[in-house]
Amino acid sequence: MISVLMKMWLGGILEKEYSRRLPSGWYTMPKLVQEAQVEAMVGKVKKGRLVSWASTLQVSMALPPPTAKMASQPAAQLTASSTTPKVVKKQPMPLIAVPTTAGTGSETTIAAVISGTATHRKRQILDPKLVPFAAILDPELTVGLPQGNTIHTAMDALTHALEAYVSTYATPETDRYAEMAAKMIYEALPVVREEPKNVEMREQLLVASFLAGMAFTRTYVGYVHAFAHSIGGRYGVAHGLANAVLLPHIMEYYLPVSTPRLARMAQICGISGDSDESTRARAFVESIAAMNQTGGVPERLAEFPRAGIDAVIKEAFQECHGTYPVPRYYTRPAARALLEQVCAE
């Protein structure tokens, strides 16, 4: 919990930093925080007059992520149209992140994502300079989160953990983070779903999200994010919801090459102790689908039309191929078969 003294101390530091750095007449920290949006939009960045004399957006506090991460970056980078991830050329102001959902892990990662209002495309900014100076994990900030958002953001965190776990860039360190995160989500999410005001379990979800962020910021993500970015950018589908719907299908696609890893995860999360490795791995994939069903996650994305499948495949392949260290590549026919299972009927 954040005490009154901590709030006063933190607010004083940030206000002092703003007074020193922002020219007269620009937005102050309280105004900026009030205007923060859950989904960072390029158009709103321009409208907000947040570009400084050095073409750098100046923000000290992330509330909620990924908005302030977006606002710490050079504007020219944000509006770029290429699919290549962007880097930050100048060191941003010290950033203190206060997540208000237990999902993105943005408070500990090198990544930020921007949605283009004109292009309907999502763009990434990747740079170690984006990692906040500090993160404050206060579970009480998530207690009022609606049920759907709670489940979708938790499934986003689980996606981070699992895509990191099956990544070909995985290390013993990222494995530990991913295993802890997944186990904590499997323990806490069912409780929070039934007891939304359970602060202890809310805290566990926040820590799990943080750990999953620690994992994927070192391993990258995979096809779940590649497809979700395209679907979300084009059709306005919430990122966590898109991830949740796609996750069990893509983990099943990985089974032929990731059975040992998913079988171990089944044991860690208490899903199956079967002696047969393949049985455990499949049980784990099935548990993801079961968690979706119990949480009211739909099997299909109503906003995603069948007519958009080809464009989504093209964008996802551009993002993923040659960038994400996935354990198994999708062919175009396999990708079409996947998206036909999750698009609107």
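Here the structure is a predicted model, which means the values were calculated and not measured.

## Quick notes on the nonpolar core
Counting 77 residues, the largest nonpolar core has Phe227, Leu246 and Leu339 as its most contacted members. If you list the elements that add at least two residues to this core, you get α6 (147–166), α7 (172–194), α8 (199–219), α9 (223–235), α10 (239–268), α11 (277–294), α12 (309–320) and α13 (332–342). Per element, the largest residue contribution to this core is 16 residues, and it comes from α10. Filtering out sequence-adjacent residues up to four positions away, Phe227 remains in contact with Leu246, Ile250, Val312, Ile313, Ala316, Phe317, Tyr330, Ala335, Leu338 and Leu339.

## Some words on the packing of aromatic side chains
Applying the stated criterion across every chain yields a total of nine aromatic pairs. A centroid spacing of 5.9 Å and a plane angle of 25 degrees characterise the contact between Tyr223 and Phe227, whose relative ring orientation is stacked. Pair noted here: Tyr223 and Phe227 are both in helix α9, with a separation of four residues, about one helical turn. Residue Tyr223 is classed as buried on the basis of its relative accessible area, which comes to 0%. Since its relative accessible area comes to 0%, Phe227 is described here as buried. What links up through ring pairs into an aromatic cluster is the set Tyr223, Phe227, Tyr253, Phe317 and Tyr330. The ring of Tyr165 has Arg261 sitting right over it, with the charged end atom 4.4 Å from the ring centre. Here Arg328 stacks its cationic end above the ring of Tyr253, 3.9 Å away from the centre of that ring.

## Some thoughts on the pairing of strand β3 (residues 111–115)
Buried residues dominate β3, accounting for four of its five residues. With five bridges joining them, β3 and strand β4 (residues 122–126) adopt antiparallel strand pairing. Along β4, the bridge assignment pairs Ala112 with Ile125. Following β3, the chain reverses through six residues before pairing antiparallel with β4; His120 in that reversal takes a positive phi of roughly 55 degrees.

## Some details on α9
Spanning 13 residues, α9 covers 18 Å between terminal C-alpha atoms, matching the ideal 18 Å at 1.5 Å per step. With 11 of its 13 residues buried, α9 lies for the most part within the structure. Along α9, the positions that sit buried rather than exposed are Tyr223, Val224, His225, Ala226, Phe227, Ala228, His229, Ser230, Ile231, Gly232 and Gly233. Buried residues in α9 make contact with β3, β4, α6, α10, α12 and α13. Just downstream of α9, Gly236 is the residue with a positive phi angle, here 70 degrees.

How each quantity is defined
Residues numbered from 1 in each chain as written. Predicted model: local features only at pLDDT ≥ 70, side-chain atom pairs only at ≥ 80, totals over all residues. Heavy atoms only, no water. Core = buried A, V, L, I, M, F, W, Y, C linked by side-chain atoms within 4.5 Å. Buried < 20%, exposed > 50% of the residue type's maximum accessible area, 1.4 Å probe, protein only. Helix = DSSP H or I, 4+ residues; strand = E, 2+ residues; numbered from the N terminus. Contact = heavy atoms within 4.5 Å. Phe/Tyr/Trp six-rings, centres within 6.5 Å; stacked < 30°, edge-to-face > 60°. Lys NZ or Arg CZ within 6 Å of the ring centre and 35° of its normal. Pairing = 2+ DSSP bridges. Expected span 1.5 Å × (residues − 1).

By themselves, these observations are geometric and do not establish any function.
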